[in-house]
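Architecture and fold: a report
Spelled out from the first residue to the last, the chains are:
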Amino acid sequence: MDVIVRPTARLEGEIGALSSKNYTTRYLLVAALAEGTSTVYYPAHSEDSDAVRRCIADLGAVLQEDEEKIVITGFGRRPKDVKTLNVGNAGAVLRFLMAIATLCPEVTFVNTYPDSLGKRPHDDLIDALGQLGVEVMHEDGRLPITIRGGAPRGGKIKVSGAVSSQYLSALLFLTPLLAEDSEIEVLDDLKSKVVVGQTLEVLEQAGIVIHASSDYMHFRVPGGQSYQAKTYTVQGDYPGSAAILAAAAVTKSDIKVHRLAERSKQGERAIVDVLQMMDVPLTHQDGTVHVRGNGRLRPVEFDGDAATDAVLAMVAAAVFADGTSRFYNVENLRYKECDRITDYLAELKKAGAQVEERQAEIIVHGRPLGLEGGVEINAHYDHRVIMALTVVGLRCRQPLVIKDAHHVAKSYPQFFDHITALGAAVERVE
């Protein structure tokens, strides 16, 4: 499916935020790792979270779901002996399950997205799993990947955090189940520390004890633990809502987005702070963000490492700011579904934006009068790029055509329904 985004002067209305993808995937995983029955209220439905559902069912969890909740009977530390798992295009799901698959005799993760997830490296996690006594067969660190496990051992583990925090999170899910105590040392830098905080929050809720240093570079994990069956409630999703809020910021608007907790540990909550720094009129109280946009924005400088999944939406807003904005410490954007710096900026330039890239920076020279548009855009199979380019299209003088826009379903299947309900001129083309 392609979409045509036409100039849109005004957005108005109210929506409820999508349920958090990050929390959903983590709650489903800890429920599967528990012995007993857990309940997860308001789980997200997206390609990523559905990949978790599919894979934990393959590994032996029993799932029953209605419109409000999902009830999961877990497999504990004894997943079923399966030969293959298919995570689709879900990188975080792959990495978490690579660790859990070490409890199985032999599992192959297949490659169904060779032009997206199939290109992403996983070497740092592969190296760490080798330290547990696990044999991993792979293609230069990429899919297909075969895990030969069955008896992983705890102990001292070193893992790099320079590319992704997901490798560390994967180890934090696994090591409490091992017989031995473990010590995890993070090498180099640690990207997206705030997401590690979400992992630790969920693990604590599931009854797991982990001793973490204040900088998240050292962890002591007692072995022989068991996940407890619990009841969880998924909060609203800031990464997906970032694009909706950015759209309201660049247009004349009066919109409310509900279910966005003020004290959330999601780093992408920073979208609210950044828009306020850009002088966007908004309030945030009682779980509701209310934006009364006027289309006028100031430029901003922002360290994007703690809010990785909102940076592209912030950049989309900055495209129309009156001055030059800079987003720095964002190199990990290069290792997502696509290179979210080079690939995204190439498409922005097609639409008429004035942007520059550095290895770890995005520089935006704002054009407050809008862009020309009138071009066809390649979104590189990336849900965040699709949403951000939709925001840009609202302020183009000519329609913007976004190719393969159905990939937005990876995290936010209702995105186009929500933004058109608010008044955006978006047309689907099958």
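Rules and cut-offs
- Residues numbered from 1 in each chain as written.
- Predicted model: local features only at pLDDT ≥ 70, side-chain atom pairs only at ≥ 80, totals over all residues.
- Heavy atoms only, no water.
- Helix = DSSP H or I, 4+ residues; strand = E, 2+ residues; numbered from the N terminus.
- Rg over C-alpha atoms; globule rule 2.2 N^0.38 Å.
- Contact = heavy atoms within 4.5 Å.
- Areas by Shrake-Rupley, 256 points an atom, 1.4 Å probe, with all protein chains shown as cover.
- Lys, Arg positive; Asp, Glu negative; His and termini not counted.
- Charge placed at Lys NZ, Arg CZ, Asp CG, Glu CD.
- Expected span 1.5 Å × (residues − 1).
- Buried < 20%, exposed > 50% of the residue type's maximum accessible area, 1.4 Å probe, protein only.
- Polar contact = N/O pair within 3.5 Å; in protein donor to acceptor, adjacent residues only side chain to side chain.
- Phe/Tyr/Trp six-rings, centres within 6.5 Å; stacked < 30°, edge-to-face > 60°.
- Core = buried A, V, L, I, M, F, W, Y, C linked by side-chain atoms within 4.5 Å.
- Pairing = 2+ DSSP bridges.
- Axes fitted to C-alpha atoms, helices over the stretch in contact; angles between N-to-C directions.
- Parallel < 35°, antiparallel > 145°, perpendicular 65-115°, else oblique.
- Nonpolar A, V, L, I, M, F, W, Y, C, P; charged D, E, K, R; others polar.

1. Remarks on the overall build of the protein chain
- Looking only at helices and strands, the protein chain has 12 helices and 26 strands in total.
- Taking 2.2 N^0.38 as the reference for a compact globule, 430 residues should give roughly 22 Å; the C-alpha atoms of the protein chain span a radius of gyration of 21 Å, in line with that estimate.
- For the protein chain, the C-alpha atoms occupy an extent of roughly 60 × 45 × 40 Å along the three principal directions.
- When contacts within the protein chain are restricted to residue pairs at least 6 apart in sequence, long-range pairs at least 24 apart make up 75% of them.
- Only carbon and sulfur atoms are counted for the fraction: they give 46% of the accessible area of the protein chain, which is about 15600 Å².
- The positive charge centre, built from 46 side chains, and the negative charge centre, built from 57, are 2 Å apart in the protein chain.

2. Considering helix 1 (residues 21–32)
- The first and last C-alpha atoms of helix 1 sit 17 Å apart over 12 residues, in line with the 16 Å expected at 1.5 Å per residue.
- Of all 12 residues in helix 1, 12 are buried; the element is thus mostly enclosed.
- Of all the residues in helix 1, the buried ones are Lys 21, Asn 22, Tyr 23, Thr 24, Thr 25, Arg 26, Tyr 27, Leu 28, Leu 29, Val 30, Ala 31 and Ala 32.
- Capping the start of helix 1 is the job of one residue whose side-chain oxygen sits 3.4 Å from the backbone nitrogen of Asn 22: Ser 20.

3. Points about the packing of aromatic side chains
- Scanning the model with the defined rule gives 7 aromatic pairs in all.
- Ring centres of Tyr 41 and Tyr 42 lie 6.2 Å apart, and the angle between their planes is 50 degrees; on these two criteria the pair is classed as tilted.
- For Tyr 41, a relative accessible area of 26% puts it in the partly exposed group.
- According to the relative accessible area criterion, Tyr 42 is partly exposed, its value standing at 39%.
- Between Phe 415 and Phe 416, the ring centres sit 5.2 Å apart and the planes meet at 70 degrees, which makes this aromatic pair edge-to-face. Each member of the pair, Phe 415 as well as Phe 416, is classed as buried.
- Following the ring pairs from residue to residue traces out a cluster consisting of Tyr 23, Tyr 27 and Tyr 232.

4. Overview of the nonpolar core
- Met 278, Phe 327, Tyr 344 and Leu 348 are the most contacted members of the largest nonpolar core, which totals 81 residues.
- If you tally residues by element for this core, the top one is helix 7 (residues 238–250), at 10 residues.
- Not counting chain neighbours up to four residues away, the residues in contact with Phe 327 comprise Val 300, Phe 302, Val 311, Met 314, Val 315, Ala 318, Ala 360, Glu 361, Ile 362 and Val 364.
- Judged by nonpolar contacts, the second largest core, of 74 residues, contains Leu 103, Leu 125, Ala 128 and Val 202.

5. A few points about the sheet that holds strand 1 (residues 2–5)
- An order of 23-25-1-26 is seen for the 4 strands of this open sheet, with the pairing classed as mixed. In this open sheet, the two edge strands, each paired with only one partner strand, are strand 23 (376–378) and strand 26 (426–429). Sheet twist, expressed as the mean angle between neighbouring strand axes with direction ignored, is 25 degrees.
- Sheet topology places strand 23 next to strand 25 (residues 400–403); 3 bridges connect them, and they run parallel. Note on strand 25: the bridge partner recorded for Asn 378 is Lys 403.
- Across the sheet, helix 10 (residues 342–351) lies against strand 23 and strand 25, angled at about 175 degrees from strand 23, the strand it touches most.

6. With respect to helix 6 (residues 193–205)
- The end-to-end C-alpha distance of helix 6, which contains 13 residues, comes to 19 Å, matching closely the 18 Å that a straight helix rising 1.5 Å per residue would cover.
- All buried positions along helix 6 are accounted for by Val 195, Val 196, Gly 197, Gln 198, Thr 199, Leu 200, Glu 201, Val 202 and Leu 203.
- Considering only its buried residues, helix 6 is in contact with helix 1, helix 5 (166–174), strand 11 (182–190), strand 12 (211–212) and strand 13 (218–221).
- Directly beyond the C-terminal end of helix 6, a positive phi value near 90 degrees is found at Gly 207.

7. A closer look at the pairing of strand 10 (residues 156–161)
- Across 6 bridges, strand 10 lies against strand 11 in parallel orientation. Counted as the bridge partner of Lys 158 is Glu 185 from strand 11.

8. Some points on the packing of helix 3 (residues 91–100) against helix 4 (residues 123–130)
- The geometry of helix 3 relative to helix 4 is characterised by a closest axis approach of 11 Å and an angle of 10 degrees between their N-to-C directions. Classed by the angle they form, the pair helix 3 and helix 4 counts as roughly parallel. Each of Arg 95, Met 98 and Ala 99 in helix 3 lies in contact with helix 4, whose residues at this interface are Leu 125, Ile 126 and Leu 129.
- In the contact of helix 3 with helix 4, the residues fall into 5 nonpolar, no polar and 1 charged.

9. Concerning the side chain of His 418
- Mapping His 418 onto the fold places it in helix 12 (residues 415–421).
- With relative accessibility at 19%, the residue His 418 sits in the buried group.
- Among residues more than four places away in sequence, those in contact with His 418 are Ile 15, Gly 16, Ile 244 and Tyr 412.

10. Concerning the sheet that holds strand 10
- Strand order in the open sheet formed by 4 strands is 10-11-13-12, and the pairing between neighbours is mixed. For this open sheet the edge positions go to strand 10 and strand 12, each flanked by a neighbour on one side alone.
- Contacting strand 10, strand 11 and strand 13, helix 5 crosses the sheet at an angle of about 170 degrees to strand 11.

11. Side note on unusual backbone geometry
- A cis amide bond links Leu 143 to the next residue, Pro 144, at an omega of -5 degrees.
- Although it is not a glycine, Asp 188 adopts a positive phi angle of roughly 60 degrees.
- The topology assignment puts Asp 188 in strand 11.
- A relative accessible area of 57% places Asp 188 in the exposed class.

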